[in-house]
Structures are given as C-alpha cells and as structure tokens.
Amino acid sequence: MPERFDRATSLAIKAALACARRQGADEVGGEHLLVGLIEVLSGPAQSGAVLGRSHVPGRSAAALVQLGIDAGRLEDAVARGAHDARLLAGLGIDLAAVRREVGDRFAVRWRTRRPRLRTDVKQALDGSRHEVRALGTRRIRGEHLLLGLLGSSVAARELLLALDIDPMAVRTTVLQVLADGG
Amino acid sequence: MSSPTALIATATDDDPLEGLHAVAALRRLVEQLERTHVARARSTGWSWQEIALALGVSKQAVHRKHRQTR
C-alpha cells in the first residue's frame, strides 16, 4: 500500500506557495517549504489565514520552539536571501552588496498564478516517503516531510544555518518526537 | 555534522559538494538578476529585440523566458 500524505503536509505545501508568492518568487523552493512546514507544525498562532481555525499544532511544536525555529524569522531570512548568502560568499560574492546595488527592483513580482515546485521540493516529497518507510509507517506527516526536506534541500539547510540552527539537531529532535509517539 | 561550524568545516577545497552547491546558488542569483533587469528594461520601453541583443541571446529565447515578467 502506498504512503499517504496527511493534512498537515498539504497545508504546509499551501503555506509554502503563499510564502513564495509573498516573496515574489516564480518557484517554490526548499526555503519556502521550510517556512510553510514550520508555520504548520508550530500551530495556529503564527499561521494566519492559510490554515483556518480547525488546525491544531503538531506535537513537534514545543520541540521546534525549543530549537529556536520560528516561521517569521525564517521568512525574514528568506527575504534577505540568507539561504544562498554563505554559498555565494564562498565564491567571493557579497549577496547583501548585490541586493543593495539592485535595490527595490530585486524582487520582481511574477504574473504566474502558481509558482512551480523546484526540484529540491519534489525531492523532499520523495524523501518523506523514504522516511516513513524507514520508520515502518504509511502516513506521511509534516514531521516526515521536514525530515525529507532537511535531507534533500540545500536551501533549507542553509537557511537554518544562517540562523545558527543546526539542521542535524532538527533532524534528531524530530526523530525523537516521532519515536515518543508524537 | 554535529554543529553548524562543523558542517561548514567539512567542506574542504577538494570537496566538490560545496562547489556544486555554490554554483546552484550562483545560478539562482543570475536568474534573479536577469529577471530584475529585464523587467526594468521592459518597464522603460525596451523592445524584446533590444533586450535580447544586450543579453546576447535570441529574441525568441528572451521572450519565451520573460513574457510573464511585469
């Protein structure tokens, strides 16, 4: 029997789409999915209109807060391009300087109705299937998608690193929450 | 890979991974800069032909890629 995505995962994709639109991106990347997932897993306090009133926070909410992961801070970092800044710095490119040079026009708004899913997001969805298989369940929850995302998306990992959060610590914590029956 | 600094430290000069990730980031930056400047040119009345010439690509290519740009 194939694995099935639960409601939190589809809400997270919606939230990722909304984040990509707010940022004027033409693609939904791992950085947007990370924001969406944290919004959904952290609960309605930070989630806004996307999730609706019926949404209850995931059981990993407290653990994520403890790690210092916050959807708002993540999105601010996405807006600064923090997910690419360190990699570009390795090539001698100061992304902040480039953005200053180009100014307000940097974030071009796109007319496309629905931004495409970037490859790292597709790989994260596949990765979440492997995660649930490895854990011996069939229901793919937001936590599994987060594990898949950390495994497949450089942008998501770089975004966490930019906020001094260790992606491996997030993985360990999420696995612990899942093991505790969360 | 126990801490952010350790993660960064694992990327040595002869590790292709960091270099490949940097190339991907650079590609995203190039795409974003191209969109930005094409949009600016269009908004100030440049034709697709003029933009294509400046970018060194065909008019068809630039139009196909950027017609969605406001």
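Residues numbered from 1 in each chain as written. Chains lettered and ligands numbered in written order. Predicted model: local features only at pLDDT ≥ 70, side-chain atom pairs only at ≥ 80, totals over all residues. Heavy atoms only, no water.

1. Describing the environment of His32 of chain A
All names here are of chain A. For clarity, the cut-off: Under the scheme used here, helices are H or I runs from DSSP no shorter than 4 residues and strands are E runs no shorter than 2 residues, and both carry numbers assigned from the N terminus. Only heavy atoms matter for contacts: two residues are in contact if any of them lie within 4.5 Å across the pair.
Residue position: His32 is located in helix H2 (residues 30-42). A C-alpha to C-alpha distance of 5.9 Å links His32 and Cys19, two positions 13 residues apart in sequence. Excluding its chain neighbours within four sequence positions, the residues that come into contact with His32 are Ala16, Cys19, Ala20, Gln23, Ala25, Glu27 and Val78.

2. A look at unusual backbone geometry
All names here are of chain A. Filter applied, for reference: Each residue gets one of three labels from its accessible area relative to the maximum for its type: buried under 20%, exposed over 50%, partly exposed in between, using a 1.4 Å probe on protein chains only.
Positive phi outside glycine occurs at Asp164, with the angle close to 60°. Along the chain, the position of Asp164 falls in the loop between helix H9 (154-162) and helix H10 (167-179). Look at Asp164 and you get exposed, because its relative accessible area is 66%.

3. Quick look at the nonpolar core
The condition is simple: Definition used in this section: a nonpolar core is a set of buried Ala, Val, Leu, Ile, Met, Phe, Trp, Tyr and Cys residues joined via side-chain atoms within 4.5 Å.
In this structure, Leu34, Leu74 and Leu146 of chain A are the most contacted members of the largest nonpolar core, which totals 39 residues. When contributions to this core are tallied by element, the ones reaching two or more residues are helix H1 (7-22), H2, helix H4 (71-79), helix H7 (119-135), helix H8 (142-152), H9 and H10 of chain A. Excluding its chain neighbours within four sequence positions, the residues that come into contact with Leu146 of chain A are Leu34, Leu37, Ile38, Leu41, Leu64, Val170 and Val174 of chain A. Counting residues in each nonpolar core, the second largest holds nine residues, with Leu88, Val98 and Val154 of chain A together with Ala22 of chain B among its members.

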